[in-house]
Amino acid sequence: MLNRLYLAPIKGITDKVFRKVFSDCFSGIDIAVAPFITISEADKKIRALSTEANNKIKTIPQMLTKNPEHFLSISRKFAEYDIDKLNWNLGCPFKKVIDRGEGSALLMDPDAIKKFLDKIFNEKTADISIKMRLGMKSPDEILPIIETLNNYPVTEVIIHARTADQMYDGDVKISSFINILGLIKHKVVYNGDITHYKDIAAISELTGDIHGWMIGRGLLSNPFLAEEIHAGKTINADEKIQRIKKFIDLLFNEYQSELMSHAHVLDKMRGIWSYLSQSFDDSKKVEKKIRKALNLKHYSDEIERLFNNDP
């Protein structure tokens, strides 16, 4: 039996609207981890992460902070909405986050992680999972982190099998991921470069059975990927085109209802098409045309031409 499939958190893309429409149009994903929120965003975003607002797909909020008091403050607010599962981000590789000493930066400081976990598990308000990288610069940096995590009742550890320095480039470090599986006491979810339905089987041959699989960019580029993983085969191309059209139209309509500014709607759709264009033969040309849309009508016209095969 295939273990659980997770939708990865991708800032600016996999928001509440995306998760709802995605689950209306495609199947196969069991759990979503939402893009991280910070203490400054918490009040306006907590309601959007409630179970009521995410009844289509089970969603786990993720927090980005190095301050345990901030984490606890937000988790208490989540508890008011009966949210009892939270994720702590130790994986964000972006410079502005690392410069604040958050995300992957904490992987350089096992003592800070220990003090953080001491504090939040002393006042536990929810089940806590962790999403992390193998390290900032070296995959060896994860080893003392694992020793620390093994001392706490973390529900699961999601590991992107790259270092932060790699960002999203270069090969995933499968051998390093395999080496830590025998050391970690918690359930492990693998994340990194799952882009084809055969990838999980290939990785499983090397790793053995693990708790789950998280998919991000592969699912945005091919939203049928989870279905194809379950089916063990690709989906018919004609069916894909029809369902992508429905998906993109629903997203467009939802964002127009959700967002005040037409510019924000266009930004959302451009971000989604930066991945989804890869489902089409001439992906760079498709993305370029979408990106050059000047307003909502221009965008709609380009979409109609694309799906009607007009030049």
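Being a predicted model, the structure only gives us computed values, none of them experimental.

1. Re the overall build of the chain
And then number 1: Within the chain, the secondary structure is distributed over 14 helices and nine strands.
And then number 2: The C-alpha radius of gyration of the chain comes to 20 Å, within 12% of the 19 Å expected for a compact globule of 311 residues.
And then number 3: With the C-alpha coordinates of the chain rotated into their principal frame, the extents come out at 60 × 45 × 35 Å.
And then number 4: Going through the 311 residues of the chain one by one, you find that 53% of them count as buried.
And then number 5: Taking as baseline every contact in the chain between residues at least 6 positions apart, the subset at least 24 positions apart corresponds to 72%.

2. Overview of the pattern of salt bridges
And then number 1: Taken as a whole, this structure holds 28 salt bridges when the rule is applied.
And then number 2: A salt bridge links Glu-41 to Lys-11; its shortest N-O distance comes to 3.7 Å. In this pair, Glu-41 is assigned in the loop between β2 (31–33) and α2 (42–45) and Lys-11 in the loop between β1 (4–7) and α1 (16–25), connecting sequence segments 30 residues apart.
And then number 3: With relative accessibility at 17%, the residue Glu-41 sits in the buried group.
And then number 4: Lys-11 sits in the partly exposed class, given a relative accessible area of 40%.
And then number 5: One salt bridge connects Glu-123 with Arg-76, and the closest N-O pair in it is separated by 2.8 Å. Of the two residues, Glu-123 is situated in the loop between α5 (110–122) and β6 (127–135) and Arg-76 in helix α3 (residues 68–79); the sequence distance between them amounts to 47 residues.
And then number 6: The class of Glu-123 is partly exposed, set by a relative accessible area of 33%.

3. A word on the sheet that holds strand β8 (residues 187–191)
And then number 1: One open sheet holds the nine strands; their spatial order is β3-β2-β1-β9-β8-β7-β6-β5-β4, and the pairing between them is parallel. Two strands in the sheet have a free side with no partner beyond their single neighbour: β3 (58–60) and β4 (62–63).

4. Considering the packing of α3 against α5
And then number 1: Relative orientation of the contacting elements α3 and α5 amounts to 30 degrees, with a least axis distance of 9 Å. Here α3 is positioned roughly parallel relative to α5, judged by the angle of their axes. Note that α3 runs across α5; the crossing there is right-handed. Along its contact with α3, which presents Pro-68, Glu-69, Phe-71 and Leu-72, the element α5 presents Phe-116, Lys-119 and Ile-120.
And then number 2: Class assignment of the residues belonging to the contact of α3 with α5 gives a composition of five nonpolar, no polar and two charged.

5. Re the packing of α1 against helix α11 (residues 237–258)
And then number 1: One way to put it is that α1 packs onto α11 with a least axis distance of 10 Å and a crossing angle of 150 degrees. It follows that α1 is roughly antiparallel to α11 by the angle criterion. Between α1 and α11 lies a crossing of right-handed hand. Seen from α1, the contacting residues are Lys-16, Val-17, Phe-18, Lys-20, Val-21, Phe-22 and Cys-25; seen from α11, they are Arg-243, Lys-246, Phe-247, Leu-250, Leu-251, Glu-254, Tyr-255 and Glu-258.
And then number 2: Of the residues assigned to the contact of α1 with α11, the class counts are nine nonpolar, no polar and six charged.

6. A word on the pairing of β6
Consecutive side chains along a regular strand alternate between the two faces of the sheet.
And then number 1: Extensive coverage of β6 is indicated by the burial of eight of its nine residues.
And then number 2: Here strand β5 (residues 85–90) pairs with β6 via six bridges, running parallel. Among the inter-strand pairings, Asn-89 is bridged to a residue of β6, identified as Lys-131.
And then number 3: Taken together, the five bridges between β6 and strand β7 (residues 156–163) define a ladder with parallel strand orientation. Bridge pairing links Met-132 to Ile-159 in β7.
And then number 4: What joins β6 to β7 is helix α6 (residues 142–149), and the crossover it makes is right-handed.

7. A closer look at unusual backbone geometry
And then number 1: Although it is not a glycine, Asp-82 sits at a positive phi angle of roughly 60 degrees.
And then number 2: Structurally, Asp-82 is set in the loop between α3 and β5.
And then number 3: The backbone of Asp-193 sits at a positive phi, close to 60 degrees, despite the residue not being glycine.
And then number 4: For Asp-193, a relative accessible area of 32% puts it in the partly exposed group.

8. Section: α11
And then number 1: Taking 1.5 Å as the rise per residue, α11 with 22 residues should run 32 Å; its terminal C-alpha atoms sit 31 Å apart, in good agreement.
And then number 2: Residues of α11 that are buried include every one of Lys-240, Arg-243, Ile-244, Lys-245, Phe-247, Ile-248, Leu-251, Phe-252 and Tyr-255, and no others.
And then number 3: On the buried face of α11, the contacting elements are α1, α10 (225–231), α12 (262–276) and α14 (296–307).
And then number 4: N-cap assignment for α11: the residue whose side-chain oxygen lies 2.8 Å from the backbone N of Asp-238 is Asn-236.

Parameters at a glance
- Residues numbered from 1 in each chain as written.
- Predicted model: local features only at pLDDT ≥ 70, side-chain atom pairs only at ≥ 80, totals over all residues.
- Heavy atoms only, no water.
- Helix = DSSP H or I, 4+ residues; strand = E, 2+ residues; numbered from the N terminus.
- Rg over C-alpha atoms; globule rule 2.2 N^0.38 Å.
- Buried < 20%, exposed > 50% of the residue type's maximum accessible area, 1.4 Å probe, protein only.
- Contact = heavy atoms within 4.5 Å.
- Salt bridge = Lys/Arg side-chain N within 4 Å of Asp/Glu carboxyl O.
- Pairing = 2+ DSSP bridges.
- Axes fitted to C-alpha atoms, helices over the stretch in contact; angles between N-to-C directions.
- Parallel < 35°, antiparallel > 145°, perpendicular 65-115°, else oblique.
- Left-handed = near helix turned anticlockwise from the far one by under 90°.
- Nonpolar A, V, L, I, M, F, W, Y, C, P; charged D, E, K, R; others polar.
- Right-handed = clockwise from strand over helix to strand, strands pointing away.
- Expected span 1.5 Å × (residues − 1).
- Polar contact = N/O pair within 3.5 Å; in protein donor to acceptor, adjacent residues only side chain to side chain.

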